[in-house]
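Remarks on the overall topology
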Amino acid sequence: MRIIFTFTLFLFLPFTALADETITIYVKESNYLTSNSKVKLTFSELEGKLKTLNVSTVILDVDYCAGPETLANAYLAIANAKPMLKDIKLNLSGSHKKSKCKNT
C-alpha cells in the first residue's frame with residue numbers, strides 16, 4: 001500500500017526544474033549589449049528586454065569607456081524590470097592603454 005501511495009504521489013507532483021538563469025549585460029560607452037547578442041540597446045530597450053527574460057542573476061560587464069551615468073542607467077533598468085533578482089555581479093573590462101573612448 002505504501003508503494004502505491006508513493007508512486008501516485010510522484011505522478012501528481014510537477015517535475016519542473018528551478019534553474020538559475022544568468023544574463024550578461026555589457027555596459028559600453030553609450031549603449032548596452034546582452035549575452036551573445038550583437039544588437040546595441042538603449043536604456044529603454046534594455047529595460048524592455050529584461051522584462052521579457054526569466055533570469056535570476058545579472059552580470060554587468062562594464063567597459064573602461066562606460067561613464068557613470070551609463071552604469072547607473074543599467075542598474076535602474078535592472079531595478080525596474082527585475083526587482084526580485086538573486087544576485088547582480090560586476091565585472092570590469094577594457095584598458096586605458098588601448099582606449100578608443102569617444103566621450104573621455
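Presented here is an overview of the structure given in this document. Everything numeric in this text was worked out from a predicted model, so none of it was measured.

1. A word on the overall build of the chain
- For the chain, the count of helices and strands is 3 helices and 4 strands.
- Counting helices and strands in the order they occur from the N terminus, the chain gives α-β-β-α-β-α-β.
- Expressed as a percentage of the 104 residues in the chain, the buried residues total 31%.
- In the chain, the proportion of contacts linking residues at least 24 apart, taken out of those at least 6 apart, comes to 73%.
- Accessible surface computed for the chain: about 7800 Å², of which carbon and sulfur atoms make up 59%.

2. What to know about the pattern of salt bridges
- On inspection of all chains with the given rule, the structure shows 1 salt bridge.
- In this structure, Lys51 engages Glu47 in a salt bridge whose closest nitrogen and oxygen atoms are separated by 3.8 Å. Taken together, the residues Lys51 and Glu47, both in helix H2 (residues 43–52) and 4 residues apart, mark about one turn of the helix.

3. Concerning H2
- All of the buried residues along H2 are Leu46, Glu47 and Leu50. Buried residues along H2 cover an arc of 100° about the axis, so they all sit on one side. Exposed positions of H2 whose direction lies more than 90 degrees from the buried face are Ser44, Lys51 and Thr52.
- Tucked inside the fold, the buried residues of H2 contact strand E1 (22–27), strand E2 (32–34) and helix H3 (68–81).

4. Describing the nonpolar core
- With 17 residues, the main nonpolar core has Ile25, Val27, Val58 and Leu60 as its most contacted residues.
- Elements represented by at least two residues in this core include exactly E1, H2, strand E3 (57–63) and H3.
- Counting residues per element, this core draws most heavily on H3, at 4 residues.
- Once residues within four sequence positions are removed from consideration, Val27 is found in contact with Tyr32, Leu60, Asp61, Val62, Asp63, Ala66, Thr70, Leu71 and Ala74.

5. Considering a nonpolar patch on the surface
- A cluster of nonpolar residues, Tyr75, Ile88, Leu90 and Leu92, forms a patch on the protein surface that exposes about 390 Å² of accessible area.
- Broken down by element, the nonpolar patch gets its largest block of residues, 3 residues, from strand E4 (residues 87–93).
- Of note, Tyr75 is situated in helix H3.

Scoring rules and cut-offs
Residues numbered from 1 in each chain as written. Predicted model: local features only at pLDDT ≥ 70, side-chain atom pairs only at ≥ 80, totals over all residues. Heavy atoms only, no water. Helix = DSSP H or I, 4+ residues; strand = E, 2+ residues; numbered from the N terminus. Buried < 20%, exposed > 50% of the residue type's maximum accessible area, 1.4 Å probe, protein only. Contact = heavy atoms within 4.5 Å. Areas by Shrake-Rupley, 256 points an atom, 1.4 Å probe, with all protein chains shown as cover. Salt bridge = Lys/Arg side-chain N within 4 Å of Asp/Glu carboxyl O. Arc of directions from axis to C-beta. Core = buried A, V, L, I, M, F, W, Y, C linked by side-chain atoms within 4.5 Å. Patch = residues over 30% accessible without salt bridge, like charges linked within 9 Å, V, L, I, M, F, W, Y side chains within 5 Å.

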